[in-house]
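What follows is the residue order along each chain.
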Amino acid sequence: MKVLVIGSGGREHALVWKIAQSDLCEKIFVAPGNAGTAKEPKTKNVDIKAEDLDGLLEFAKTERIDLSIVGPEAPLVMGIVDLFEKNNLLCLGPNKLAAQMEGSKIFMKDVLKKGNIPTANHKVFSEAATAKEFLKNCEIPVVLKADGLAGGKGVIVAFSREEAFEALNSLMVKQKLGSAGDNLVVEEFLRGEEASFIVLCDGKNVIPLASSQDHKQRDDGDKGPNTGGMGAYSPTPLITNELNDEIMNKIIEPTLAELKNRGIKYKGFLYAGLMIEKNEIKVLEYNCRFGDPETQPILMRMKSDFLKLCLKASKTELENEIIEWDDRYALGVVMASKGYPEKYDIGFPISGISEESESIKVFHCGTKKIAGEILTDGGRVLCVTGLGENLENAFQSAYESTSKISWEGAFYRKDIGKRNQ
Ligand code: AMP
Ligand code: GLY
């Protein structure tokens, strides 16, 4: 099979790395990929951006791609799956309507409410003045969410009324995020611990993947600004077998059923961001794709043929499929550029990417190769992922490799996976 993977981050490197291991895989193209994807077996980067839907379609037609797999949300929300399917090309991901689960917080909250799925209470505002009136008397902390896609910058947790007014001003009045902030969701602040629960859907059947936990804040102890994710591990002890079943029965199945009521069949990865407090589970958010960096530790533990699963999902053939997992723990540490998640410089040479082994893999998130040298090319640069018999061993293995890698301005959290120990 010829496969096209769309995207350029650590998630896409992990997807490519795993797909290349499949006997079904003959050739992988990655658009646009990074220095890490370029060196995987059977793989070639192609210089087409993930949002260039016409360019991707042209390429897939010319190369007679058998299956395209979409990593990031933007092309999904733009309707890449609809476009490919119209041209008789298999493309794994939700179509434009289904991708609204991430593309519109208002749509997602409405699905949750109508489907009776536990989530924070919320209100929707389309005018700043009415939102301001509400914020004057609401409980604090309060959470403000831009309705549209905002590249991880659309959610503000306000711990004081002043912060809430400031957030409102920046989203709706100053329109810092453009039209993403035209409409606003204001919701109740939830306490507890977050976990990521990702499932693979084929439009009819659904299979849960292994559980995981991300670390969204930049600094140790969950301090500092929100980021795309500074590290993740799998499985998380927060999600016991019992909770796993409860999440499937009370959250995932009713969500898919509510979408079906609206005539929407969900295909591809569906990511539920959950808040768990004393065994009470609520949905914080849905993403219409695999998580980054969750993909890296999750796929390190997958024993099944991932490409076969993706192919079956895209053809609505997941019934009776099971996924086999390595019992070991996997833990990924994200190494980032000084300044991230705000302004940062790129182009620094990276040294010390050590020999990889069966239990250690350095996934590239933002890198490029120029004149034989690997340079930084993003805010999140690498995700060093280790396997171990327990969480502590996975921690040791990932951090031992991480500590050998450096570039000017590199930093990383030192406490990934330490919350539950
Ligand atoms: P999102 O972009 O929706 O994933 O939100 C980003 C982060 O904001 C989440 O990972 C949570 O840490 C936090 N967050 C979002 N909604 C809430 C909420 N209702 N209560 C507390 N924290 C929240
Ligand atoms: N790890 C968070 C995300 O993928 O959105």
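Residues numbered from 1 in each chain as written. Chains lettered and ligands numbered in written order. Predicted model: local features only at pLDDT ≥ 70, side-chain atom pairs only at ≥ 80, totals over all residues. Heavy atoms only, no water.

**Examining the sheet that holds strand β2 (residues 27–32)**
The strand order β3-β2-β1-β4-β5 describes an open sheet built from five strands, whose pairing is parallel. The outermost strands of the open sheet, each flanked by one partner alone, are β3 (43–45) and β5 (91–92). Of the strands in this sheet, β1 (2–7), β2, β3 and β4 (67–70) touch helix α1 (residues 10–20), which is tilted by about 165° from β1. Its contacts with the sheet put helix α3 (residues 53–62) on β1 and β2, and the angle it makes with β1 is roughly 170°. (Pairing = 2+ DSSP bridges. Helix = DSSP H or I, 4+ residues; strand = E, 2+ residues; numbered from the N terminus. Contact = heavy atoms within 4.5 Å. Axes fitted to C-alpha atoms, helices over the stretch in contact; angles between N-to-C directions.)

**Remarks on the site of ligand 2**
The local shell around ligand 2 consists of D214, K216, G228, Y271, N287, R289, G291, D292, P293 and E294. The separation between a nitrogen atom of ligand 2 and a polar main-chain atom of D292 is 2.9 Å. Burial of ligand 2 by the surrounding chains reaches 90%, relative to a free accessible area of 190 Å². (Near = heavy atom within 4 Å. Polar contact = N/O pair within 3.5 Å; in protein donor to acceptor, adjacent residues only side chain to side chain. Areas by Shrake-Rupley, 256 points an atom, 1.4 Å probe, with all protein chains shown as cover.)

**Digging into the packing of aromatic side chains**
Enumeration according to the criterion identifies nine aromatic pairs in this entry. On the basis of an interplanar angle of 80° and a centroid distance of 5.0 Å, the ring pair of F29 and F59 is categorised as edge-to-face. Separated by 30 residues along the polypeptide, F29 in strand β2 and F59 in helix α3 bring together distant segments of the chain. As far as the burial class goes, F29 and F59 line up, both buried. Each residue in the set F269, F290 and F306 is aromatic and connected to the rest through ring pairs, giving one cluster. It is K132 that lies over the ring of F165; its NZ or CZ is 5.5 Å from the centre. Residue placement shows R289 over the ring face of Y271; its charged tip is 6.0 Å from the ring centre. (Phe/Tyr/Trp six-rings, centres within 6.5 Å; stacked < 30°, edge-to-face > 60°. Buried < 20%, exposed > 50% of the residue type's maximum accessible area, 1.4 Å probe, protein only. Lys NZ or Arg CZ within 6 Å of the ring centre and 35° of its normal.)

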